[in-house]
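Architecture and fold: a report
Below are the chains, spelled out letter by letter.
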Amino acid sequence: MSIHYFKQAKKIISGLIVFLFIGSLNTYSQNDSNPKLILQITVDQLRADLPKTVLDRLPDGGFKYLYNQGIVYENAHHRHANTETVVGHSTLATGADPSEHGMIGNLWYDKEHKQSVYNVEDYRYPLIGSGKGVDKTTEIDPTQAAASTDGRSPSALISTTFSDELALFTNGKSKIFGVSVKDRGAIPMAGHAGKAFWFSKATGQFATSTYYYDDYPDWVNKWNKKEKYKAYANTSWNLTHDISTYIHGEEDDMPYETNLPGYGVVFPHNFGGLDNKYFTTFLTLSPVGDELTLDFAKELIVAEQLGRDNITDYLSVSFSSTDYIGHTFGPASLESEDNLIRLDRTLANLISFVNEKIGLDNVLIVLSADHGGPDVPERLKNFGIDAGYFDINSVDTTAISQVMNKKFNLTEKIVSGYFHPYVYLNTDVINKYNLDVNEVSRTLAYELQNQEGIAFAIASIDLLEGKLADTELNRSVLRNYNPKRSGEIFIVTEPYWYINDFDGLTVASTHGSPWKYDTSVPVIFAGNGLKHQNIFRNVETVDVALTLSNYLKIKIPSAASGQPLIEVLKK
Ligand SMILES: [Zn+2]
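Residues numbered from 1 in each chain as written. Predicted model: local features only at pLDDT ≥ 70, side-chain atom pairs only at ≥ 80, totals over all residues. Heavy atoms only, no water.

**What to know about unusual backbone geometry**
- The peptide bond linking Phe-267 to Pro-268 adopts the cis configuration, its omega dihedral lying at -5°.
- Note on placement: Pro-268 falls in the loop between strand 8 (236–237) and strand 9 (269–270).
- Cis geometry marks the peptide bond from His-420 to Pro-421; its omega dihedral reads 0°.
- Secondary-structure assignment places Pro-421 in the loop between strand 13 (415–419) and strand 14 (422–425).
- In this structure, Asn-171 is a non-glycine residue whose phi angle is positive, near 50°.
- Despite not being glycine, Asn-234 shows a phi value in the positive range, around 60°.
- For Asn-234, the position within the fold is in the loop between helix 9 (218–225) and strand 8. (Helix = DSSP H or I, 4+ residues; strand = E, 2+ residues; numbered from the N terminus.)

In structure tokens:
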């Protein structure tokens, strides 16, 4: 319903603008203090402390520009419990909690159709062009591989985004784009009214779906025809500097790193030839993924003429390499350290490009991350910190089943499945045995919580009925709860214990908890005449969209909460 409404609305709006709204647009464009472009940069899995680990060694222009000239919020956190990619991006885009924006996890279980749902999947809007689909044989991102079609749209995003409200305010005159290697990094940021592009590992090109376009714009076809990814064939990711200059220089070969055949755990990491079926996947597991995203974004800025008039445009660029590298080698690895140094050059390139084309005084930059991430357990153990991989299969289901069967007189499985972080009960069984779903939830949660490695097993019903203590953690779980999509029990593992096995693929490190290493992200505003400040007060990522709305004095997104960041608004 909402998609057709928006598409129709867009058509109507563009028709009306010409006749009715020229006056109001003139008024809008006379506000010279508004930025010509809002550039929202999101770095996937950039825990707040990570840039600081390399900052002293960096040249000017990238992180140094942001940290030394921007307004830096030193204690910024996501306040929801399931710190996954689509959840964090959607929160930054909408200023809402997942309970209201609806993106409660990368995957959830559709109770009505009895199948898993991949957040931005929408079969009604297939990818444009042949062979652009998800190639599951080369997909090492199991969350993405869980999608059953290549159709994509923002229809599962329930609330409006800052970018939607900007489109409404300017009657569709703002140019609004989201770009990322990941579809779930691009689509939420572009909102319902903007356009999104993401990287297809199947083709090495940037793709979009029929939700956004009937056909690729000429400039996209031209960029894709250059096949820039091919230049990396038979090359490798090498260290930027001498190995002796790295904090982790002596830790290149660690047993816990994910050893992908052909790519290995030590430098140089070879991409292989074009015939290597993992070639484009390996590019995304290196700084090259971000560099291709940068190149595409620069082409977009020129071709779509962003920031060329006084109507504020919006571009979101989400860089995914830090996340893939963090998962594969851990955030405290030589690979992650070198990636930060290369990411810094990518950021510097983007910032200097918008300065050259539009001028930094005319561009408001906001940098954040969709989530942080934990260190690898083996490293933590070396420092005496309790840590480990939590095997969800290690939960003693036999013992739990016995308790449940005895108590409720069952002979069938009461659980439909686990889709991180929720356990979903089998409603058919509950109905068949005429059970009280709340009683079953509470009993199962109690049994789960007694299992080793599980810190909290929180029955959703207890949250909703206010039966739990008003703690920060319980609030973060409640903020994640959406009645149509969440399961009956939310599982929180012990700090630094996490599930790292996705459908058989074991990775070094995984985020997705309410603990601080996963919630902690940078929030930095820079450009457009802002003066440097370090702010040490706690702020939340829901504050970002609200601040952008207030900055432009436009309507806030439909479910936005949080607090406007006054240091940015006091310019
Ligand atoms: Zn992520």
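**Looking at the coordination of the zinc ion**
- Only Asp-44 (OD), Thr-85 (OG1), Asp-370 (OD) and His-371 (NE2) from the protein reach the zinc ion as donors, at distances of 1.9 to 2.2 Å.
- Metal-centred angles of 93 to 132° between the 4 donor atoms at the zinc ion mark the site as tetrahedral.
- Sequence spacing among the residues donating to the zinc ion works out to D-x40-T-x284-D-H. Residue Thr-85 is found in helix 4 (residues 85–94), and its partner His-371 is found in the loop between strand 11 (363–368) and helix 14 (377–382); the two are separated by 286 residues along the sequence. His-371 shares its class with Thr-85; the two are buried. (Donors = N, O, S within 2.8 Å, 3.2 Å for Na, K, Ca; no water. Tetrahedral: all angles 85-135°; square planar, octahedral: opposite > 155°, others 65-115°. Buried < 20%, exposed > 50% of the residue type's maximum accessible area, 1.4 Å probe, protein only.)

**Thoughts on the nonpolar core**
- By size, the foremost hydrophobic cluster in this structure holds 105 residues, and its most contacted members are Leu-39, Ile-41, Phe-197, Phe-296, Leu-300, Leu-315 and Ile-365.
- Ranked by residues supplied to this core, first place goes to helix 13 (residues 334–357) with 9 residues.
- Contacts of Phe-296, omitting those with residues within four sequence positions, involve Val-179, Phe-197, Phe-206, Trp-219, Val-220 and Trp-223.
- With 27 residues, the next largest nonpolar core counts Ala-93, Ile-176, Tyr-314 and Tyr-551 among its residues. (Core = buried A, V, L, I, M, F, W, Y, C linked by side-chain atoms within 4.5 Å. Contact = heavy atoms within 4.5 Å.)

**What to know about the pairing of strand 13**
- Pairing between strand 13 and strand 14: 4 bridges, direction antiparallel. Bridge pairing in strand 14 places Val-415 opposite Leu-425.
- Hairpin connection, strand 13 to strand 14: the antiparallel pair is bridged by 2 residues. (Pairing = 2+ DSSP bridges.)

Just geometry here; none of it tells us what the structure is for.
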